[in-house]
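Take a look at the letters that make up each chain.
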Amino acid sequence: MENFFPLFKREFLGYFRSPVAYVFIVIFLWASVGCTFFLGNLYDSNQASLDPFFNYLPWLFLIFVPAVGMRLWAEERRSGTIELLFTLPVTMVEAVVAKFLAGWAFLGVALALTFPLWLTVNYLGKPDNGVIFAGYLGCFFMAGAYLSVSCFTSALSKNQVIGFILGVVICFVLVLLGWGVFTDVLASFLPAGLIDIISQVGFVSHFQAISRGLLDSRDLIYFVSAIVVGLSLNTLVLNARKAS
Amino acid sequence: MISVSKLVKEFGAFRAVNGISFDVPKGQILGFLGPNGAGKSTTMKMLTGFIEPSAGTASVGGKDVVKDSLAVRRQIGYLPESAPSYGEMTVSEFLCFIAEIRGKRSAAVRQAAEAMRETCDLSAVWNQPIETLSKGYRQRVGFAQALIHDPPVLILDEPTDGLDPNQKHEVRNLIKNMGSNKTIILSTHILEEVEAICQRVVIIAHGGIVADATPSELRQQSKFHNAVTMKIAPNQIEKAKALLSNIGGVAAVELLGIDNDTLRVFPKQGEAIALRISELSRKENLSIHQLQVEQGRLDEVFRKVTKSDNLNQKSH
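Note that the coordinates shown come from a computational prediction; the quantities given were computed from them, not determined experimentally. (Residues numbered from 1 in each chain as written. Chains lettered and ligands numbered in written order. Predicted model: local features only at pLDDT ≥ 70, side-chain atom pairs only at ≥ 80, totals over all residues. Heavy atoms only, no water.)

Peer 1: Looking at this structure, how should I read empty space enclosed by the protein?
Peer 2: Left-over empty space is what a probe sized like a water molecule reveals as it rolls over the atoms. Within the structure shown, the criterion is met by one cavity of 30 Å³ or more. Considering only enclosed or pocket space, the largest cavity measures out at about 60 Å³ in volume. Considering the residues around the largest cavity, the lining is formed by Leu7, Arg10, Glu11, Glu76, Leu85, Ala95, Ala98 and Lys99 of chain A together with Tyr86 and Phe97 of chain B. Looking at the lining of the largest cavity, the elements that each hand over two or more residues are helix H1 (4-17) and helix H6 (92-112) of chain A. Looking at the lining of the largest cavity residue by residue, the classes come out as six nonpolar, no polar and four charged. (1 Å grid on protein atoms, 1.4 Å probe; cavity = no way out; pocket = protein on both sides within 12 Å on 5 of 7 lines; lining within 4 Å. Points joined across faces, edges and corners; volume = space filled by probe spheres on them. Helix = DSSP H or I, 4+ residues; strand = E, 2+ residues; numbered from the N terminus. Nonpolar A, V, L, I, M, F, W, Y, C, P; charged D, E, K, R; others polar.)

Peer 1: How should the pattern of salt bridges be read in this particular structure?
Peer 2: For side chains of opposite charge, pairing can occur when their charged atoms come near one another. Using the criterion set out here, one finds 21 salt bridges over all chains in the structure. A salt bridge links lysine 182 of chain B to aspartate 150 of chain B, with the nearest nitrogen and oxygen atoms 2.5 Å apart. Remark: aspartate 150 of chain B occurs in the loop between helix H5 (135-147) and strand E7 (153-157) and lysine 182 of chain B occurs in the loop between helix H6 (165-178) and strand E8 (183-188); sequence separation between them is 32 residues. A salt bridge links glutamate 192 of chain B to arginine 172 of chain B, with the nearest nitrogen and oxygen atoms 4.0 Å apart. Residue glutamate 192 of chain B is found in helix H7 (residues 191-197), and its partner arginine 172 of chain B is found in helix H6; the two are separated by 20 residues along the sequence. Given a relative accessible area of 12%, arginine 172 of chain B falls into the buried group. A network of salt bridges, in which partner residues are shared, links Arg10, Glu11, Arg71, Glu76 and Lys99 of chain A together with Glu88 of chain B. (Salt bridge = Lys/Arg side-chain N within 4 Å of Asp/Glu carboxyl O. Buried < 20%, exposed > 50% of the residue type's maximum accessible area, 1.4 Å probe, protein only.)

Peer 1: Please explain the interface of chain B and chain A as it appears in this structure.
Peer 2: A common way to report how large an interface is uses the accessible area buried once the components associate. Taken together, the contact pairs 24 residues of chain B with 24 residues of chain A. Roughly 2,400 Å² is buried in total at the junction of chain B and chain A, and carbon and sulfur atoms are behind 63% of that figure. Broken down residue by residue, the surface that chain B buries against chain A is led by Phe50, Tyr86 and Ile101 of chain B, which jointly contribute 31%. Put simply, chain B and chain A have four salt bridges between them. Between arginine 17 of chain A and glutamate 93 of chain B there is a salt bridge, with the nearest N and O atoms lying 3.1 Å from each other. Across the chain B-chain A interface, the total number found is 10 residue pairs in polar contact (both at pLDDT 80 or more). For the side of chain B that touches chain A, the secondary-structure elements that each account for two or more residues are helix H2 (69-75) and helix H3 (91-101) of chain B. No other element matches H3 of chain B, which puts six residues into the side of chain B that touches chain A. A class-by-class count of the residues in the side of chain B that touches chain A yields 12 nonpolar, four polar and eight charged. (Contact = heavy atoms within 4.5 Å. Buried area = accessible area lost by both parts, 1.4 Å probe. Polar contact = N/O pair within 3.5 Å; in protein donor to acceptor, adjacent residues only side chain to side chain.)

Peer 1: Is there a simple way to explain helix H2 (residues 20-39) of chain A in this structure?
Peer 2: Turn by turn, an α-helix covers 3.6 residues, leaving residues three or four places apart pointing in a common direction. All names here are of chain A. End to end, H2 covers 27 Å across 20 residues, agreeing with the expected 28 Å (1.5 Å per residue, within 8%). Taken together, the buried positions of H2 are occupied by Ala21, Phe24, Ile25, Phe28, Ser32, Gly34, Cys35, Thr36 and Phe37. Among the structural elements, H1, helix H3 (51-69), H6 and helix H7 (115-124) are those in contact with the buried residues of H2. Once H2 finishes, asparagine 41 follows within two positions and takes phi at roughly 45°, a positive value. (Expected span 1.5 Å × (residues − 1).)

Peer 1: Whenever I open this one, the nonpolar core confuses me. Can you help?
Peer 2: Grouped burial of nonpolar side chains is what soluble globular proteins tend to show. One finds Phe61 and Trp73 of chain A together with Leu95 of chain B to be the most contacted residues of the largest nonpolar core, which totals 151 residues. Looking at this core element by element, the count peaks at 13 residues for helix H8 (residues 129-156) of chain A. Non-local contacts of phenylalanine 61 of chain A, meaning those with residues more than four positions away in its chain, are made with Phe28, Pro66, Leu111, Cys139, Met142, Ala143 and Tyr146 of chain A. Counting 15 residues, the second largest nonpolar core, distinct from the first, contains Val228, Ile237, Val253 and Val265 of chain B. (Core = buried A, V, L, I, M, F, W, Y, C linked by side-chain atoms within 4.5 Å.)

Peer 1: Before we go on, may I ask you to explain the domain arrangement of chain B in this structure?
Peer 2: Under the domain assignment, chain B is made up of domain 1 (2-219) and domain 2 (228-294). Domain 1 of chain B and domain 2 of chain B are separated by 45 Å when their C-alpha centres are compared. (Domains from an automatic or database assignment.)

Peer 1: When you look at the pairing of strand E2 (residues 14-24) of chain B in this model, what are you seeing that I'm missing?
Peer 2: Side chains on a regular strand alternate between the two faces of the sheet. As judged from the eight bridges shared by strand E1 (residues 2-11) of chain B and E2 of chain B, these two strands associate in the antiparallel manner. Across the sheet, residue lysine 9 of chain B finds its bridge partner in E2 of chain B, namely valine 17 of chain B. (Pairing = 2+ DSSP bridges.)

Peer 1: What is the right way to look at the environment of isoleucine 27 of chain A in this model?
Peer 2: Position of isoleucine 27 of chain A relative to the elements: it lies in helix H2. In this structure, the C-alpha to C-alpha distance between isoleucine 27 of chain A and phenylalanine 64 of chain A, residues 37 residues apart in sequence, is 9.3 Å.

Peer 1: Explanation requested: the packing of H6 of chain A against helix H13 (residues 217-241) of chain A in the structure shown.
Peer 2: The axes of two packed helices give the description: the angle between them and the distance between them. Residue and element names in this part refer to chain A. Viewed as axis vectors pointing N to C, H6 and H13 meet at an angle of 130°, and their least axial separation amounts to 10 Å. Viewed along their axes, H6 and H13 adopt a mutual orientation that is oblique. Between H6 and H13 lies a crossing of right-handed hand. Facing Met92, Val96, Phe100 and Trp104 of H6, the residues of H13 in contact are Ile227, Leu231, Asn234, Thr235, Leu238 and Asn239. For the contact of H6 with H13, the class distribution of residues is seven nonpolar, three polar and no charged. (Axes fitted to C-alpha atoms, helices over the stretch in contact; angles between N-to-C directions. Parallel < 35°, antiparallel > 145°, perpendicular 65-115°, else oblique. Left-handed = near helix turned anticlockwise from the far one by under 90°.)

Peer 1: Would you mind showing me how to read the sheet that holds strand E11 (residues 228-232) of chain B here?
Peer 2: Strand pairing in a sheet relies on backbone hydrogen bonds. The paired strands run either parallel or antiparallel. All names here are of chain B. Strand order in the open sheet made by the four strands is E12-E13-E11-E14, with antiparallel pairing throughout. One side of each edge strand has no neighbouring strand; the edge strands of this open sheet are strand E12 (250-256) and strand E14 (288-293). Ignoring strand direction, the axes of neighbouring strands in this sheet form an average angle of 20°. Pairing of E11 with strand E13 (residues 262-267), which is carried by four bridges, proceeds in the antiparallel orientation. Along E13, the bridge assignment pairs methionine 230 with leucine 263.

Peer 1: Help me out: how do you make sense of the confidence of the model for chain B in this one?
Peer 2: When pLDDT drops low, the exact placement of atoms in the prediction is not to be read closely. Chain-level pLDDT for chain B is 87 on average; 97% of the residues reach the 70-or-more range. Confidence drops under pLDDT 50 across residues 310-316 of chain B; counting only partners more than four residues distant or on other chains, this segment forms two contacts. (pLDDT = per-residue confidence, 0-100.)

Peer 1: Please clarify how unusual backbone geometry should be interpreted in this entry.
Peer 2: Glycine aside, residues mostly have negative phi, and peptide bonds are mostly found in the trans state. At serine 106 of chain B, a residue that is not glycine, the phi angle is positive and equals roughly 45°. For serine 106 of chain B, a relative accessible area of 67% puts it in the exposed group.

Peer 1: Any chance you could explain the side chain of threonine 43 of chain B here in plain terms?
Peer 2: Residues and elements named next belong to chain B. Mapped onto the fold, threonine 43 is located in helix H1 (residues 40-47). Engagement of the side chain of threonine 43 in a polar contact is seen with the backbone oxygen of glycine 39, the distance being 2.7 Å. Setting aside residues up to four positions removed in sequence, threonine 43 forms contacts with Leu7, Val17, Ile20, Phe32 and Ile204.

This is how it looks when you write it as structure tokens:
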């Protein structure tokens, strides 16, 4: 993995070489704060917690994370730099992991920049900062799972937009599977055991457990497994289609 | 240094490379010639480890391109077709990135990049994003990227494509000067380029090798090899044509030129006929204004070998 760091660095700084990164961060912050105050009614809830913020993130990520991931492989394939990349002494795994981690780190930066929300609730009351920390951690891992799906869909096509749309669709399904409203509908005609399994496959049930402050290793293992599956598919697709 | 044996690449039902074999010794500059779609780029992609062969083997510096791909890639500097690079990076950022990937660390990174700034004459655009550069500069950046680790083997896919005549000349000089201690394969369809820099030419068509020789050997296969072109006083032209046709070793005599004052005499199988012609013209008092012996024409040989293969393919 000697070439991991140069690859990571190039990819991470690459986000900031174009104005897209700044636009992305600004819109993400507006949207997340907007959701927290106007949809989540942070003030009216009269509680010093970031629950209203965390509850909307799975939906915001649905759009934002595929937007961060769509460029990663589609652009390499469109511009032909993939041929340059894979004739340098770089392994496929190195490149896949470096790109993923660069995107993940960028999402981490965007997430960290929501810190004024944390300052606000601490100013207004006495929240349980342990729970908030767990919430951020859950968000970060969930973002990673979304991103691994987006990396995979980005590798499928030379067109970023196609990668983006496929990413949104797959992530949407994974969110739906664990979303209470959706599983309630399913419960009306499917046996309870099956519903349990289905909701375990989705993102939301695992995220909610963590965001309530329950740092269960099983939930973290779930997200890490989701990342590994996404990146493995990514590698398979690249091996098959890098030269086409 | 480079050894290719029965290399095959299939894309679905299409055979892009059909069992080619050749060796390139250390220090040789090999020109890879062929019509578009002949399999040049595909072969280069297999040598550089970008795609895996469907069958056959290839090795670079004794290392197998499939089993020991990373070791092969470390020895190679590769300029892919149309020199792709990361457009949003500046030239200096891009070259530093490549230097890092090529194993340079800390101060050596800048040093390697700066050395390329000199070699490839990139000072004027050093801090500009690559996407804003002209085609010629982009090609030079691609060249710099391939040379930055001073590799023993260079593989260049159409290195002068899209350059103006001055830039072409510079790139050719650059390649020629490196030739003594590097093994180079370059693909092109510019024939003068092959004559200018390559010690050996491999022509491929439809995935197979149809010629493997030095440029001068190839020229000898031309029907123009040793042909004599002469300008004669107009009143003697008919007489000369008849006389020349009867010399031993002459295959044909052709009338050329706008003023119908030039004859071209083709020899049988490249025989040297110039001396016989000059003896004849002295004896017959032909007044010759100009006389020129042709070396042979690569473009004609190129067409001949790539087209005859075409016919064979169709008759299968």
